[in-house]
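Take a look at the letters that make up each chain.
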Amino acid sequence: MPEHPDPPDGGAVRAALAAPDRVGPAAPADESGLSRAQVAERVASGRTNDVPVRGGRSVGQIIRGNVFTRINAMIAVLFTIIALIGPVQDGLFAMVVLCNTLIGIVQEVRAKRTLDRLAIVNAARPRVVREGAVERVAAQEIVLDEVLEVGTGDQVVVDGTVISSGALEVDESLLTGEADPVAKAVGDTVMSGSFVVAGHGRFRATKVGRHAYAARLAEEASRFSLVRSELRSGIDRILKWITYALFPVGGLLVYSQLFLGEGTALEEASAGGQVSGPLADALRGMVAALVSMVPEGLILLTSIAFAVGVVRLGRHRCLVQELPAIEGLARVDVVCTDKTGTLTEAGMRLSAVRELGGGEGPQDSPARVLAALAAGDPDPNPSMAAIARGCAATGGQAPDWPVTALVPFSSARKWSGASLLTPEGERHWVLGAADVLVPADDPAAAEAARLGGQGHRVLLLARAAERVDTHGLPGGLRPAALVVLDQRVREDAGPTLDYFGAQGVDVKIVSGDHAAAVGAVGREVGLAGADRPVDVRDLPEDRDDLAEAVERHSSFGRVGPERKRDMVRGLRDRGRTVAMTGDGVNDVLALKEADIGVAMGSGSPASRSVAQLVLLEDRFAVLPRVVAEGRRVIGNIERVAGLFLTKTVYTMVLAVVVGLLAVAYPFFPRHATLINAVTFGIPSFFLALAPNTDIVRPGFVLRTLRLAVPAGTVSGVAAVTTYLLVLGGRTVPDPADRTAVVITLCATTLWVLLLVARPYVWWKAVLVAAMAGLLVLALVTPLGQGFFDLDVSDPAKVLTGLAVAGCAIAAITVIRVVDDRMTARAAAREAGPERSVRGAAS
C-alpha cells in the first residue's frame, strides 16, 4: 500500500513560526496593499515568492536521467570492449541503446510540456491587494509585505500575519496533524500550506520564498508521497539481480573460452578491422552473452508507456501531478466520490421556500431574511449563491440590514448564521441542515428528510434567541422555513458508475448532505445499494467497525471532513486501493489519505493542491478513461517485462552450460542483436502501447517470473541442445552451427511472443509475421548473411534447429496451460469468500 508520511510535528511548525517574521523594511500599516513602485522595488531586490510552479524534472535532468542509467553503463562497458577488438557490426547493440535513449528523452520531454501546459491552467492564482484594488497574480509574483485576501477553500501560499478577519477559520492539519480548524483573529499567524475552511480575511506576507521555513514544511506535508510503485520497485529489484549475475556469468565465459585447449582461435571470423586470438574471441562471446542478459529496452518502454499515458490523459484535460498515479489508478478497486459537484452539476437552483411560521412579523419574512443573509455573506458557498440568484430572480430587493455578527458555513458545523440589525431590532438567524439544527422528531426535520429523499438539498432557516457568535450553536431556535435547492445529476454519471461496476470497482458516495438525499442521487445513477443510505453519525467510532460498515454500504450522508478521511483510511486498512474524488475544502483530508486523490478543476485550490490527478474540465466521465489508461500502461509493461526476462533467463542458461562444457559461445554480439530485435525488441515497443483492459493484480514480480523462468529455461535448453547436436563433438562452431542455434532461439521465443500477445487481434498477427519475415530476410539474403555472419547452406542443421524448436514450443505450451489453470483455480478460491461477503451485503 502507498505510504503517506506523517505530517511534520505541530510543535516544530509553531516553533519555526516563532522566529522573527521580518525580512527587509517594515510593512505599511494599512490594508490598501503595496503600491506598484513598492512591488517593483521588492522584485528588484529579490524579495519575491521564488518557488517553482510545479515539481518535475527539467529538460537537463530528463536528459541526464535517460543517459546516465545502470543499463547504459553496462552497455557502454560492453561496447568499449567491442570497439577495441572489433568488428564494428558486433557493436550494433550500442546503436539500439542510443536510439532507445533518444526516444525516451523525446517522449519524456513531450510529457513534461503537456504537464506544464496543464499545470499553468490548474495553478492557483491568489488574490492580492495593490493600491486598494484586489487582483489575481501567480504565486511566484507575490512579494514581501503583500496584502493577500483569502476565503473559504483558498490555500495560504505564504506565511503571514492576519490584518482583518471575518470569522476566519483555518485548517492546519496538513502541517500540524491537528484536525480542528483554528479561528484566526487580527495579529494571528497563518502558515503556508494551511487552507481556509470558513470565513474570509486578509493577511500580510511576512515570509516568502526560501525565507518561509513553514512553506518548506508545507510543501512536504501538502503533497502526496509518491505512490509506492510495485512496477518500478519490481523492475529495480530484477535489474539488481541481473547486475549481480553478470559478473559470475561473464567471468565463467571468459575463463572457459580462454582454456578451451591449445588457445584455439575462431578461424572463420573475418579478420578485417578486428583483433583475433583466444582473448579477443573469449571477450566477444562474453559480450554476446551479457548483451542478451541485459533487458536494455525494459526501462525505456516503462518510461515511454508512462509518458504516453500522461500525454493521452492530457488530451482529456486530466492533469497527472505525479506519474506513479497512473499505476495507482490501474490498481484501484474502490472509488469514493463526493456528490455535489462530482455526480451532480456544480451549480444549484432555488426551487422553493416553504414557510413554517417561525417569524414574528413582516420583517421576518423568509424571503426577505434569505435575501439579507445572501447580501451580507462576503464569501458565499454554492448554496448561498443559489439562494442569492433565486431571490434576485423573484425581484425581491435585499433589505439594507447591517450584519452585527457572522458565522460562516463550514462542513464541520453544517450551518451558518448572521445577526442582523433590522428597524425592529436585532434578529438572529441560522441556516443549515435541519437534522443538525433541530431534533430528529421535529416536524421540520421530518419534512426535510422527505424532500431530501426526492433528491433535493434542503436547508432549514431558523430564528435564534441569541447572537450567532456565541459559543457553538445559538439556543432557542424556531424553524421559519425550509429552503429547497435542486441539483442536476450529470448525464454521464450513470454510465460512469456502470463502467466501474463492470470492471469490478466498488463505488461509494460520501457526502455531507442528508443521507436520504445521497441515496436518491445514488438511485438515480443506478448505484447498487443506494436504496439503503447510511447516516455516518450512526456508525461506530471504532476504526475496524467503521471500515466494515463502509465495506457493506454504498451511500453515506452527513459525513464530515475528518469522518470522510477515517472512512478512506479504514478501506485502505482492509487492503483496498482507494481513489477519492472531490472538489471542496471538506474533501482535502480524504483526498490526501486516499491512494489516489482526484480533484475537479473548478474545485477549491486546497483540494487541487493535494490531489494527484486534476480533472480540469470537471468531467467525472473522464475517470473511466483514466483508469483504463492506467491498466493499459501497467498490463502492457508486465507483458513486456515477461518477454525481456525470458531473454535474460535463456541467455543465462546458455552461457552457464556453455561455460561448464568449455565450448565456444555460439553467438557473436551481432547475432544477439538480431535475435533480440526480431523476437522482443521491436514487438515489445508495439505491445507496450497497445490497448489493454486487464484488471491489474498485485504480484508483478512473481507473475512475471512465472512466465519468464520456465519459458526462458526451456528456450535455453533448446538452444544448447541444438548447439551440441550440430557441433558434433567439436569445440569451435562454424557459421552454419551458429545459424542453427539462431533459428532455434528465434522460433522458440517468437512462440513466447505469441503467448504473451493474447488476446489476438489482426495487428498482432501481422506484427509476429513481420518479425518472422525480417528473420527470413536476414537468413536468405546475401546482405543479411554477410552482415550477420549466417549460413543456411546445410539443410540438416537448419532442420535440426527447427525440430528442436518444435519440441521446445510444445513444452512451453504445456507449461503455460498448466500454469494458467492453476492460477485460475487459485483466483476462484480467493474470489469465492469475497463474492459471498459482497452478495450478503447487497
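The paragraphs below set out a description of the structure included in this document. Remember, predicted model here, so these are calculated numbers, not experimental data. (Residues numbered from 1 in each chain as written. Predicted model: local features only at pLDDT ≥ 70, side-chain atom pairs only at ≥ 80, totals over all residues. Heavy atoms only, no water.)

On to the pairing of strand S14 (residues 457-464). When you tally the buried positions in S14, you get eight out of eight residues, the bulk of the element. Side chains Arg457, Leu459, Leu461 and Arg463 project from S14 onto one buried face, and the interleaved Val458, Leu460, Ala462 and Ala464 project onto a second face that is buried too. Examined bridge by bridge, S14 and strand S15 (residues 478-486) share seven bridges and lie antiparallel to one another. When the sheet's bridge partners are listed, Leu460 is paired in S15 with Leu482. (Buried < 20%, exposed > 50% of the residue type's maximum accessible area, 1.4 Å probe, protein only. Helix = DSSP H or I, 4+ residues; strand = E, 2+ residues; numbered from the N terminus. Pairing = 2+ DSSP bridges.)

Across the sheet, eight strands lie side by side as S8-S21-S20-S19-S9-S16-S18-S17; this open sheet has mixed pairing. Two strands in the sheet have a free side with no partner beyond their single neighbour: strand S8 (318-320) and strand S17 (534-535). Bridge analysis of strand S9 (residues 334-337) against strand S19 (residues 578-582) gives four bridges, and the strand direction is parallel. Bridged to Thr337 within S19 is Thr581. Of the strands in this sheet, S8, S19, strand S20 (596-600) and strand S21 (613-615) touch helix H23 (residues 622-661), which is tilted by about 145° from S21. (Contact = heavy atoms within 4.5 Å. Axes fitted to C-alpha atoms, helices over the stretch in contact; angles between N-to-C directions.)

Moving on: the nonpolar core. Residues Tyr665 and Phe667 are the most contacted members of the largest nonpolar core, which totals 133 residues. Residue contributions to this core peak at 16 residues, all from H23. If you look at the next biggest cluster of nonpolar residues, it comprises 26 residues, including Val197, Val578, Met580 and Ala606. (Core = buried A, V, L, I, M, F, W, Y, C linked by side-chain atoms within 4.5 Å.)

Turning next to helix H19 (residues 543-552). It helps to recall that an α-helix has 3.6 residues per turn; residues three or four apart then point in one direction. Buried within H19 are the following residues: Leu546, Ala547, Ala549 and Val550. Within H19, the buried residues cover an arc of 160° as seen down the axis, which keeps them to one side. Check the buried side of H19 and you find it contacts strand S16 (506-510), strand S18 (555-557) and helix H20 (561-573). Two to three positions downstream of the cap, the backbone nitrogen of Asp544 sits 3.1 Å from a side-chain oxygen, assigning the N-cap of H19 to Asp542. (Arc of directions from axis to C-beta. Polar contact = N/O pair within 3.5 Å; in protein donor to acceptor, adjacent residues only side chain to side chain.)

Scanning the model with the defined rule gives 45 salt bridges in all. Arg202 is the salt-bridge partner of Glu149, the closest N and O atoms lying 3.0 Å from each other. With Glu149 in strand S3 (residues 147-151) and Arg202 in strand S7 (residues 195-207), this pair connects stretches of sequence that are 53 residues apart. With a closest N to O distance of 2.9 Å, Asp469 and Arg467 form a salt bridge. Several salt bridges share partner residues, and in doing so they unite Asp333, Asp506, Glu551, Arg574 and Arg576 into one network. (Salt bridge = Lys/Arg side-chain N within 4 Å of Asp/Glu carboxyl O.)

Moving on: unusual backbone geometry. Note the cis peptide between Arg758 and Pro759, where omega equals 0°. Residue placement: Pro759 occurs in the loop between helix H26 (735-756) and helix H27 (762-780). The backbone of Arg317 sits at a positive phi, close to 60°, despite the residue not being glycine. Counting through the fold element by element, Arg317 comes out in the loop between helix H10 (296-315) and S8.

The buried fraction of strand S13 (residues 425-432) is high, at six of eight residues. Bridge count between S13 and S14: five bridges; the pairing is antiparallel. Bridge pairing links His428 to Ala464 in S14.

With that settled, consider the environment of Asn49. The residue Asn49 is located in the loop between helix H2 (36-44) and helix H3 (59-67) in this model. Taking relative accessible area as the criterion, Asn49 reaches 3% and is therefore assigned buried. Counting along the chain gives 159 residues from Asn49 to Val208, while the straight-line C-alpha distance between them is 4.8 Å. Excluding anything up to four places from it in sequence, Asn49 contacts Ala139, Gln140, Ile142, Val157, Val158, Val208 and Gly209.

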